[in-house]
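Listed here are the chains, written in short residue letters.
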Amino acid sequence: MPQDPTDFEWSYWIEWGRERILWLLAGHLLVSQVSRLLVEKYKPWCLMVYGMAACWLLLGIKGFAVILVHATISFAVAQFQLSLLTWLCSLILLSTLRIPAVEEAKRKWYDTENEYYLLLFTVSVRCLFCTSFSLEYCWHGPAQKSTHSFLWMLAYVFYYPMFHNGPLMNFDEFSKQMRRQEAFSLKTNLSILIVGIIRIFFWWCLAELMIHLMYIHALYSSAPPLEAASYWALGGLALAQVLFFYVKYLVLYGVPALLLQMDGLKPPALPCCVSLMHSFTKMWRSFDVGLHRFLVRYIYVPMGGSQSSLLGTLFSTALTFAFVSYWHGGQSYLWYWGALNWLGVIVENGVKRILSISFIQDLI
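Residues numbered from 1 in each chain as written. Predicted model: local features only at pLDDT ≥ 70, side-chain atom pairs only at ≥ 80, totals over all residues. Heavy atoms only, no water.

(A) Looking closely at the overall build of the chain. When its secondary structure is counted, the chain shows 16 helices and zero strands. Its C-alpha radius of gyration of 22 Å places the chain within 12% of the 21 Å reference for a compact globule of 364 residues. Overall, the chain is about 65 × 55 × 50 Å in size when its C-alpha atoms are taken along their principal axes. Partitioning the contacts of the chain with sequence separation of at least 6, the portion at a separation of at least 24 is 72%. Of the roughly 18700 Å² that the chain leaves accessible, carbon and sulfur atoms contribute 71%. Side chains of the chain carry 25 positive and 21 negative charges; the gap between the two charge centres is 10 Å. (Helix = DSSP H or I, 4+ residues; strand = E, 2+ residues; numbered from the N terminus. Rg over C-alpha atoms; globule rule 2.2 N^0.38 Å. Contact = heavy atoms within 4.5 Å. Areas by Shrake-Rupley, 256 points an atom, 1.4 Å probe, with all protein chains shown as cover. Lys, Arg positive; Asp, Glu negative; His and termini not counted. Charge placed at Lys NZ, Arg CZ, Asp CG, Glu CD.)

Pasting the structure below:
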């Protein structure tokens, strides 16, 4: 039975995975295990060199140069140790991905649209990594600058398992775990690898079954079936779509998470099943855990967060969702999506505050 081809993200990453990315990830695993076995002290630099070589091989010298230039500019601006300036630099670098003339120039570097999109996705994710490193650099004192060198930035930015699509790990977590030297057991790592591969294969089979049998996305791309469906059927379609999204990211994040474990790192938790969620807040906290930690650490808390006044909380939450919408592409539908999520979180937290009042609790 032919598969539903309308889910671009799944088709795109599965095609790239089969062609090259899985082989490059296998190469990373080999380099990682050999370096842990023989030269544990130099593991970050071995993985950095491998990540740079993989980037060059997949994106070409021009794509490699774009990422290196982004990292260099971010590091240079971070030397001023001004968070506002760092954020301004990050937003400007991110905005260059939306300039039509720059887009056309980059498209000419490659033979296919898929290759250009790989560069686009990779640079978008690298922008978050550069921002994380630069802000940590701004916040740490002179005594800690040795662990925030340009070499460490390159080791972080070019770490291959998280290179193209995430998940996101903040620099402070990455550097602490990467510098930690632990006892290496090939037998233990082999058992982790086998169990992890079995789990990911199960999730992949489940996603492929959904793609081949359910045609959720094809139904959503055609108006007549939706107009003819009952409200119960529409609700079922919506649930099926978010469940597929969940299974898809178990695979897309599960592969790099397994490699992080093999490298002796603790990856961000995999997405929580959407059927177990009943709130906007929990959805944001437990679906993309790495992105949530980034947003809380670098936007929500610095802007005041829940510790500020009501207006301050509303503003910091709005700014967080505005950045998410802009980072995802900034199209009009993404602004609507961000605004609705912001409204959902605000209403939910507002109701919680009202219900926490002792008078209301007594009435209940």
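(B) Up close: the pattern of salt bridges. Enumeration over the complete set of coordinates arrives at eight salt bridges. A salt bridge links R297 to E136; the nearest nitrogen and oxygen atoms lie 2.5 Å apart. With a gap of 161 residues between them, R297 in helix α13 (residues 289–300) and E136 in helix α5 (residues 113–139) connect regions that are remote in the sequence. Under the relative-accessibility criterion, R297 is labelled partly exposed at 31%. With relative accessibility at 0%, the residue E136 sits in the buried group. (Salt bridge = Lys/Arg side-chain N within 4 Å of Asp/Glu carboxyl O. Buried < 20%, exposed > 50% of the residue type's maximum accessible area, 1.4 Å probe, protein only.)

(C) Spatial organisation of the UniProt feature "transmembrane region" (unreviewed entry) in the chain. Under the UniProt annotation, "transmembrane region" (unreviewed entry) lies at residues 20–39, 46–69, 75–95, 116–135, 150–169, 190–211, 231–252 and 310–328. Each end of residues 20–39 is marked by a C-alpha atom, and these two atoms are 27 Å apart; helix forms 95% of the span and strand 0%. With 95% helix and 0% strand, the stretch residues 310–328 has end C-alpha atoms that lie 27 Å from each other. (UniProt positions renumbered as here; feature names shortened; annotations may be inferred.)

(D) Inspection of the nonpolar core at higher detail. Core analysis: the biggest nonpolar cluster contains 92 residues, and F158, F174 and F323 have the highest contact counts within it. Looking at this core element by element, the count peaks at 14 residues for helix α2 (residues 43–78). Looking at this core, you find at least three residues from each of domain 1 (8–179) and domain 2 (269–363). The residues touching F158, leaving out its near neighbours within four places in the chain, are L47, M48, G51, M52, C55, F64, I67, L68 and F163. (Core = buried A, V, L, I, M, F, W, Y, C linked by side-chain atoms within 4.5 Å. Domains from an automatic or database assignment.)

(E) Local environment of the packing of helix α14 (residues 310–327) against helix α15 (residues 332–355). Two elements in contact, α14 and α15, have axes separated by 9 Å at closest approach and are oriented at 150°. The angle between α14 and α15 falls in the class roughly antiparallel. For the pair α14 and α15, the sense of crossing is right-handed. Across from L310, T313, L314, T317, A318, F321, A322, V324, S325 and Y326 in α14, the residues of α15 making contact are L334, W335, W337, G338, N341, W342, V345, I346 and R353. (Axes fitted to C-alpha atoms, helices over the stretch in contact; angles between N-to-C directions. Parallel < 35°, antiparallel > 145°, perpendicular 65-115°, else oblique. Left-handed = near helix turned anticlockwise from the far one by under 90°.)

(F) Representation of a nonpolar patch on the surface. The grouping of L30, V34, L37, L38, V39 and Y42 at the surface amounts to a nonpolar patch, some 600 Å² of accessible area in total. One can find V39 in the loop between α1 (8–38) and α2. Overall, the relative accessible area of 34% leaves V39 in the partly exposed class. (Patch = residues over 30% accessible without salt bridge, like charges linked within 9 Å, V, L, I, M, F, W, Y side chains within 5 Å.)

(G) Representation of the environment of V345 within the structure. Examined against the element boundaries, V345 turns out to sit in helix α15. Using a relative accessible area of 8% as the deciding quantity, one classes V345 as buried. Sequence separation between V345 and S279 is 66 residues, and the spatial gap between their C-alpha atoms is 8.1 Å. Leaving out residues up to four positions away in the same chain, V345 has contacts with F280, T281, W284, T317 and F321.

(H) Representation of empty space enclosed by the protein in the model. Under the criterion given, the structure shown has two cavities of 30 Å³ or more. If you add up the space inside the largest cavity, you get close to 40 Å³. What lines the largest cavity is simply T96, L97, V102, E103, K106, Y116, L119 and L120. Among the elements of the structure, α4 (100–107) and α5 are those that each provide at least two residues to the lining of the largest cavity. Of the residues belonging to the lining of the largest cavity, the class tally is five nonpolar, one polar and two charged. In this structure, the second largest cavity encloses a volume near 40 Å³. Contributing elements (two or more residues each) for the lining of the second largest cavity: α3 (83–95) and α5. For the lining of the second largest cavity, the leading source of residues is α3, giving four residues. The residue inventory of the lining of the second largest cavity, partitioned by class, reads six nonpolar, two polar and no charged. (1 Å grid on protein atoms, 1.4 Å probe; cavity = no way out; pocket = protein on both sides within 12 Å on 5 of 7 lines; lining within 4 Å. Points joined across faces, edges and corners; volume = space filled by probe spheres on them. Nonpolar A, V, L, I, M, F, W, Y, C, P; charged D, E, K, R; others polar.)

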